[in-house]
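These are the residues of each chain, in order.
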Amino acid sequence: MKRIYVNEKWCLGCHLCEYYCAFANSGKNDMVKALKNITINPRIRIEEHNNVSFAVSCRHCEEPLCVKSCITGALTIKDGVISVNSDKCVGCYTCILSCPYGCISPSDQGAIQKCELCVKNAGGSPACVKGCPNKAIEWVER
Amino acid sequence: MNYVIIGNSAAAIGCVEGIRQVDKKGKITIISDEPHHTYSRPLISYLLLGKTDEERMKYRSDSFYEDKNVTAMLGVTVTKIDTDKRCVELEGEKPVKYDRLLVATGSRAFIPPMEGLDTVDKKFTFMKLDDAKALEDAINENSRVLIIGAGLIGLKCAEGINDRVQSIEVVDLADRILPSILDETGSAMVQKHIEDNGIKFTLSDSVAQFDKNTATLKSGKVIEFDVLVIAVGVRPNTQLVAQAGGAVNRGIVTDDRCRTTLKNIYSAGDCTESLDITTGQERILALLPNAYMQGETAGIDMAGGQKLYDKAMPMNAIGFFGLHIITAGSYNGEAAVIQSGNSYKKLVTADDTLIGYIMIGDVARAGIYTALIREKKPLSSIDFDLIKEKPQLMAFSKRERAKTLGGLR
Amino acid sequence: MPIDFLYPEYEVIRDNTRCITCRVCERQCANEVHHYDKELNMMFSDESKCVVCHRCVSLCPTRALKIVKTDNTFKENANWTGDAITEVYRQAGTGGVLLSSMGNPKPYPIYWDKMLINASQVTNPSIDPLREPMETRTFLGKKPTKVEYDQKGGIINNLTPQLDLKVPIMFSAMSYGSISYNAHESLARAAKELGTFYNTGEGGLHKDFYKYGKNTIVQVASGRFGVYKDYLEQGSAIEIKIGQGAKPGIGGHLPGAKIVGDISKTRMIPEGSDAISPAPHHDIYSIEDLRQLVYSLKEATNYKKPVIVKIAAVHNVAAIASGIARGGADIIAIDGYRGGTGAAPTRIRDNVGIPIELALASVDQRLRDEGIRGNVSVVVGGSVRNSADIVKAIALGADAVYIGTSALLALGCHQCRSCQTGRCNWGIATQRPELVRRLNPNIGYERLVNLVHAWEHEIKEMMGGMGINSIEALRGNRLMLRGIGLNEKELSILGIKHAGE
């Protein structure tokens, strides 16, 4: 299965992945319209410290603690992709408590949000990967 | 293989999903005294709050039983486990045979003896969907609600109905709220926040006597109310296993494969005891994630697969009126407290490991802390000062990140 | 700053209706042109720091940025141009030599663009390279003049060592130090994939790259940095660098600040010491001296590797080349006056040397006239910009070409000509780790391979059009070229007819 892999050796800390993520999940067709004058809330986040940086997004674990812990059944794994049914989610944050990588965050709409590999938006393949200028984030079969 | 599951909540569903990971064909029967499709019990407060509805409360989709090839006998009560005949006896139905049995009977609300309780007309517990519906029918915008118990259930109930009643007063014998998951600072912080939302507390006190719509407390304080909710605690449903001769302490005794002391009988969820890795003690960890994972472990083992349930610990993610709280583990160790603005954080360490934490307000990425506890990560192997500041993968070594993020094997 | 004589030449134009204040421009500019103002939630730029490298323009996700030439102008003067005036101001302010980098940007004639390539019509068929084999393989090295037999009548292999190129394109010398580790890795991996060669320049060879030795040309220059036994043995050929097109007649200077860590190890000089390459090799003051070095290197490597002598294209290039051919070199590399550099005095870069096209034509002719063309292969560089330039170079007599600037462009270089600052925003001409990281060799090598493959396709198309199916048959085939807009003298030096003749 294709997975997101991050190589911090090549991460520039440019944060473009965050912006492409926020745009891809905005439902809007223009980046300016989607992101102008807002504080973005992307599903992928850059960590940076002392010249080291890397992007962190859902690992889509084979044994997902978030899915097992979800009290509503809103988080499910299908074909290796963990996605959230925000209609069911009540925002209890048990998934935030459970995710060992800190990849689930509150969404602006009250439920939680996480990387769904852009399967639900118009992108088709992960926008962060397409937007990374240095192949620090790859979506590949290994 | 013929699997029978008593119960229809998280542990039972976990068991079904566990069995089906290994055995696609075996016959599975779920027997539950509740007549509902599997639903998530912790959601009943959200139901009253209007954040969910009965349809969305379903823990799994409508087609779940069909998809997993499960026979669901709902609204049917199990009266006895017959270990000789390897069957469970039912109320008003023929016994059902099992090769492997899961007891996932959960817990029930505990109602302590209180003088004059029988004079109270509208009194409720708050555990099940039917409890929530009954409470909903009983309240209106003029209701004065008295809740006995300032624990998770009592307070979630309070939040759930706060906008729909005239007033809520919470009484608890303890001197602070949520004592099982918070420290004193945390309790005070959360109490303040809940009070700011209009709920009153009377702590270190308890009801001496009820007389219809009046409760007289031990301190002499008198509270007039229209609706009473009793949320002082729960008791595990251990009777079936106890009667069949299985070991029961406070909860049903299980091992790390979720087996009871009875042959071919497993148990999972709120009715069981499991090993808390943060204290090394067997205790009831009545939490939905634990129930699911116990159930899954049991299911896999029942079907002949391999899985251990050996990473249990107390953990809670809960929120009141927009203030989020995440806690895990135990707090008996060296504490580091970080307080900023409206956020509070306490990390508790012992023997070079994190054993517990409390986060109130900013709970972002709490799971990174949980994982430190779960994996008993030696703190000397990470940059603890960095991770203390906020949960981050930066605190781990490059090599570890290459594994978790980069796919290095 | 009471008087600022230097008005920024370029302006950073930001379309604030498009800018989403993502701050990627700010994060990616090592020159600190951009900054974010929290109060106004707006980005601002200081164009006086801008080197026009286009890093921000290329990464801006909403295309909110562009760089334009300022229309602030001096009073028009065809003689005292804005550049000329500004340079005086600059030197009056600093008292220093003007430094610059990359190749000569002045509007001298570009002879490549004054030559046209032939194609077959009717009298001989053109060839479709997609249907028929087309040979681009080239061997560089001395070619034997006759076939020799042993007593039994078997053929004696009298071939001296050759470089075997799948395409007649090599990456020219760029040292580790002048360019980054990642740039080197990209070149090395691309050379391997393409079946050609890259060149270490005078910076030694990092041990990590020994594994690309079969595709490596190791250079020996006047500073002898990094030269030792293993180094010579690693490469497939050894290049003696006499001169460089961008700065003929002068040496090199890599400041001590850049001699750190691996660079110092690879160059084999102490950290922090300036790496000064003298203007001449102080053991070469004559062709005879050169011959000694050529044979010393051959001796040191058991006559297993061809030796290249690289010179800048200067006025007497033909005679010098003749001497080199007689001095025992297997390959002569000539670098034209537009050749790139990491740093050169501006006046030298812009005023010294001659065009490679003319140098090549005269060298090839001279060697033929003297009957020694077969003694050496000729490789040319110094602004080979595309596949047509290559076809023309080969038709003028080159065996292969060196590309440097084009290769750097493929790696992302935007020709801002600020290599000497060491703050290359593209991770090429820098040693700052946070900047070097910007060039991922996985991307860089792929882009180089793409470029050369694309050119190879085009070369085959052009050869096919001429009815030629091998590079051999194109080499020195000046009948395939016609001049356009050239005078008699130029045509005679190039050895080609005018279009229409």
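In this text the structure is predicted, and so the values were computed from the model without any measurement.

Let us look at the pairing of strand S7 (residues 100–103) of chain B. Residues and elements named next belong to chain B. In S7, alternate side chains face the same way, and those of Arg100 and Leu102 on one face and Leu101 and Val103 on the other are all buried. Relative to strand S19 (residues 265–267), S7 runs parallel, the two being bridged by three bridges. Bridge pairing in S19 places Leu101 opposite Ile265.

Residues and elements named next belong to chain C. Looking at the assigned domains, one finds that chain C contains domain 1 (10–98) and domain 2 (138–335 + 353–377 + 387–468). Averaged C-alpha coordinates put domain 1 and domain 2 at centres separated by 35 Å. The interface is formed by nine residues belonging to domain 1 together with seven residues belonging to domain 2. Split into classes, the residues belonging to the side of domain 1 that touches domain 2 amount to five nonpolar, three polar and one charged.

This brings us to the domain arrangement of chain A. Residues and elements named next belong to chain A. Assigned domains of chain A: these are domain 1 (1–57 + 120–142) and domain 2 (60–114). Taking only C-alpha atoms, the centre of domain 1 and the centre of domain 2 are 19 Å apart. Taken together, the contact between domain 1 and domain 2 spans seven residues of the former and nine residues of the latter. The class makeup of the residues in the side of domain 1 that touches domain 2 is two nonpolar, two polar and three charged.

Here we take up the sheet that holds strand S18 (residues 252–253) of chain B. Strands sit in the order S18-S20-S21 (chain B) across an open sheet of three strands; the sheet is mixed. Both outer strands of the open sheet, S18 and strand S21 (281–283) of chain B, are each paired with one neighbouring strand and no more.

With 31 residues of chain A at the interface, the matching set in chain B holds 38 residues. Elements with a minimum of two residues in the side of chain A that touches chain B: strand S1 (2–6), strand S2 (45–49), strand S3 (52–56), helix H3 (65–69) and helix H4 (94–98) of chain A. A total of four residues in the side of chain A that touches chain B trace back to one element, the largest contributor, which is H4 of chain A. Residue classes in the side of chain A that touches chain B are distributed as 14 nonpolar, nine polar and eight charged.

In this section: the confidence of the model for chain C. Here chain C averages 95 in pLDDT, while 100% of its residues score no lower than 70. In the model output, the complex is listed with pTM 0.93 alongside ipTM 0.97.

The rules behind the values
- Residues numbered from 1 in each chain as written.
- Chains lettered and ligands numbered in written order.
- Predicted model: local features only at pLDDT ≥ 70, side-chain atom pairs only at ≥ 80, totals over all residues.
- Buried ≥ 20, exposed ≤ 12 C-beta atoms within 10 Å, placed from the backbone.
- Helix = DSSP H or I, 4+ residues; strand = E, 2+ residues; numbered from the N terminus.
- Pairing = 2+ DSSP bridges.
- Domains from an automatic or database assignment.
- Contact = placed C-beta atoms within 7 Å.
- Nonpolar A, V, L, I, M, F, W, Y, C, P; charged D, E, K, R; others polar.
- pLDDT = per-residue confidence, 0-100.

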